[in-house]
Structure formats: C-alpha cells, structure tokens
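# Descriptive structure summary
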Amino acid sequence: MREPRPPDVGRIVEALNRHGVEYLLVGGVAAAAHGARRLTADADTVIRRTTDNLEATAAVLQDLHAYLLVDGLSDDEAKALPVQIDALALSRMEISTWRTDAGDLDVLMEIPAGDGTRRNYEDLLPRAVDATYGADRTIVHIAALDYQHHRSKRWSNRPKDHEALPELRAILNARDSHSVVAEREAGPGR
Amino acid sequence: MSEFVKSIEELQERVNRYARLRTADDVSITWDGTRLDSKEKVLAFLDELARDRATTATPEG
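Residues numbered from 1 in each chain as written. Chains lettered and ligands numbered in written order. Predicted model: local features only at pLDDT ≥ 70, side-chain atom pairs only at ≥ 80, totals over all residues. Heavy atoms only, no water.

### Remarks on the overall build of chain B
- When you go through chain B residue by residue, the secondary structure sums to two helices and two strands.
- Written out in order from the N terminus, the α and β elements of chain B read α-β-β-α.
- Counting the 61 residues in chain B, one finds 33% classified as buried.
- Total accessible area computed for chain B in this model is approximately 3800 Å², and 53% of it derives from carbon and sulfur atoms. (Helix = DSSP H or I, 4+ residues; strand = E, 2+ residues; numbered from the N terminus. Buried < 20%, exposed > 50% of the residue type's maximum accessible area, 1.4 Å probe, protein only. Areas by Shrake-Rupley, 256 points an atom, 1.4 Å probe, with all protein chains shown as cover.)

And the structure:
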C-alpha cells in the first residue's frame, strides 16, 4: 500500500460541512490546531452517532471515493473489497479507517477518557473550540486539547500516543485551554 | 510554542510539516473489539453486514 500523503484538511472539512455532518476534529490534526507537532498523516473525527449523521458521513466517504484501509493489502486489493459504505456499516465500527481522495480519514464514534469511561460527540462538543475560518465563515469544531487528547492518550496503549504525551502536556502547561475558548468567543464583531 | 491556528491554510501547513506515517495499529475496529486488520476479517465483517441487510429487507408477514 502506498504511503499516505498528509490529509487535505480543507477538502475534508468542506465535504463534512457540505453534507451537514455533525463532527469534531480530534487526534493529530486537532492537536496541530492547538500547536502540537507530533501527529500522524490522517484526519481523525468523532461523529454524532445518529442514523441521519451516519448516512451523511457515508455520503462524504462516497464523495471522497473512500476505501477501507486494511493492513497488508495493496491499494488495489483494498479498493476491491466489497465494502458498501452506508450508515449500517459505519454504525458497526467503533473506529473506521479510510483512505480517500483527500487523504486518510478516520471516523470514530467514541474516544477513551481518562477515567476509564468513554466520550462521544455529545460529551466532547461542550468543551470543543469553535474555530471559524475563511470568508465563508466555515465553522470547525476542534476537540479541546486538555480533555480529549491528554486524557485519552494517557489511557491509550499505543506507543505513539504515549510518545505524544510530553508535548501535549507542555502545550497545556504553557497555555490555558479556557483562555483559548474565551479568545474565540470574544472574536471580532462578537 | 505555536498558538491556536487562525486559518485552515495554517492548519494545513502544520499538518503538512509535521505529519508522520501512520502505524500498523491504525485499523478499523468493530464494537466487539474485532480489529479489521486482515482481508479475512474484513470479509467476515462484510458477510455479517450482508446478512443483517438481508434480514432487514425481508418483508414481514
């Protein structure tokens, strides 16, 4: 399988917003938004787990010509798998990893929290940073660094997540996440 | 330390600069913990979905 290129964040966000998907950016791309420099070449999202939202997400994946990433399979072999991308398929996967025209995109339903429980879209949204970009005022919900990344990675068993912890901790110590939210809320014209 | 990004373009620039290769542990996982990390597992998963779709499509009565 060919090496992934960095995700085209703008294109992914545009597709998600155009289809009305309720989602949060989490993982490495979200951490990069906060200033982190350790991230993998994929865009991670947590989506709201409703039938309509799963259908909208499936439409995004179809638009982006997504195919399921499977270790050990070439791109052509992975594309040849008879995956029907729909709400049912997405609903059965806690995490689904896709390669798309816009790079690698992971769709998550929940992420582990620091207390052994799990957090879904509704749990993460209140603490997300609402970033508004561009002339068209595109709104992107980006998971708060302190709650999502630090606590979920603390409980992750993956070596790369543990490697990322020191940097995330340093960012949190250097900057208060609440002040970032306050800055956004007090933005120009508000 | 970098501040919060101010644009999609800035975010993309950071992603392009710092993104590293995915690792083998980035795989799809079903709710029962099955890691879809082989063709066989994916096909078994798809078979289960197909059975569920067929059951759902079966007319009642």
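### Notes on the confidence of the model for chain A
All names here are of chain A.
- Averaged over every residue, the pLDDT of chain A is 82; the share at 70 or more is 77%.
- Within chain A, helix H9 (residues 177-185) has the poorest average pLDDT of any element, 47, and helix H3 (residues 51-63) the best, 98.
- Long-range and interchain partners of residues 148-155, a stretch whose pLDDT sits below 50, account for 37 contacts in this model, where long-range means more than four residues apart.
- Contacts of residues 178-190 to residues separated by more than four positions or lying in other chains number 13 contacts, the stretch itself having pLDDT below 50. (pLDDT = per-residue confidence, 0-100. Contact = heavy atoms within 4.5 Å.)

### Side note on the packing of helix H2 (residues 27-34) of chain A against helix H1 (residues 8-18) of chain B
- Here H2(A) crosses H1(B) at 115 degrees, and the two axes come no closer than 9 Å. Relative to H1(B), H2(A) is oriented so that their crossing is right-handed. Together, A:Val29, A:Ala32, A:Ala33 and A:His34 of H2(A) and B:Leu11, B:Arg14 and B:Val15 of H1(B) make up the contact between the two elements.
- Here the contact of H2(A) with H1(B) is composed, by residue class, of five nonpolar, one polar and one charged. (Axes fitted to C-alpha atoms, helices over the stretch in contact; angles between N-to-C directions. Left-handed = near helix turned anticlockwise from the far one by under 90°. Nonpolar A, V, L, I, M, F, W, Y, C, P; charged D, E, K, R; others polar.)

### Focus on the pattern of salt bridges
All names here are of chain A.
- Scanning all chains against the criterion turns up 17 salt bridges over all chains.
- In this structure, Glu-122 and Arg-48 form a salt bridge, with 3.1 Å as the shortest nitrogen-oxygen distance. Highlighted residues: Glu-122 in helix H6 (residues 121-124) and Arg-48 in the loop between strand S3 (42-47) and H3, separated in sequence by 74 residues.
- On the basis of relative accessible area, Glu-122 is assigned to the partly exposed category, the value being 39%.
- Of the residues examined, Arg-48 reaches a relative accessible area of 28% and is grouped as partly exposed. (Salt bridge = Lys/Arg side-chain N within 4 Å of Asp/Glu carboxyl O.)

### A closer look at the interface of chain B and chain A
- With 39 residues of chain B at the interface, the matching set in chain A holds 58 residues.
- Summed over both partners, the interface of chain B with chain A comes to about 4200 Å²; 62% of that surface belongs to carbon and sulfur atoms.
- Taken together, the links from chain B to chain A amount to three salt bridges.
- For A:Arg92, the salt bridge identified is with B:Glu48, shortest N-O distance 3.9 Å. (Buried area = accessible area lost by both parts, 1.4 Å probe.)

### Describing the nonpolar core
- Counting residues in hydrophobic clusters, the biggest one holds 52 residues, and the most contacted among them are A:Trp98 and A:Ile142.
- A:Ile111, A:Leu124, A:Ala143 and B:Ile29 belong to the second-largest nonpolar core, a separate cluster that totals 12 residues. (Core = buried A, V, L, I, M, F, W, Y, C linked by side-chain atoms within 4.5 Å.)

### Side note on the pairing of strand S9 (residues 129-133) of chain A
Residue and element names in this part refer to chain A.
- Of all five residues making up S9, four are buried, and the element is well covered by its neighbours.
- Here S9 runs beside strand S10 (residues 138-142); their pairing, made up of five bridges, is antiparallel. Considered in S10, the bridge of Val-129 is made with Ile-142.
- Between the end of S9 and the start of S10, which pair antiparallel, lie four residues, with Gly-134 showing a positive phi angle near 75 degrees. (Pairing = 2+ DSSP bridges.)

### Details of H3(A)
Residues and elements named next belong to chain A.
- Helix length check: H3 (13 residues) gives 18 Å between terminal C-alpha atoms against 18 Å at 1.5 Å per residue, within 8%.
- Listed as buried for H3 are Asn-53, Leu-54, Ala-56, Thr-57, Ala-58, Ala-59, Val-60 and Leu-61.
- Looking at the buried residues of H3, the elements they touch are helix H1 (9-18), S3, helix H5 (87-91), strand S5 (93-100) and strand S6 (103-108).
- Among the residues trailing H3, His-65 stands out with phi positive, at a value near 55 degrees. (Expected span 1.5 Å × (residues − 1).)

### Thoughts on the packing of H1(A) against H1(B)
- Relative to each other, H1(A) and H1(B) sit at 130 degrees, their axes nearing to 9 Å. Taken together, the axes of H1(A) and H1(B) are oblique relative to one another. The segment H1(A) lies against H1(B), with A:Val9, A:Gly10 and A:Val13 engaging B:Ile8, B:Leu11, B:Gln12 and B:Val15.
- Residue classes in the contact of H1(A) with H1(B) are distributed as five nonpolar, two polar and no charged. (Parallel < 35°, antiparallel > 145°, perpendicular 65-115°, else oblique.)

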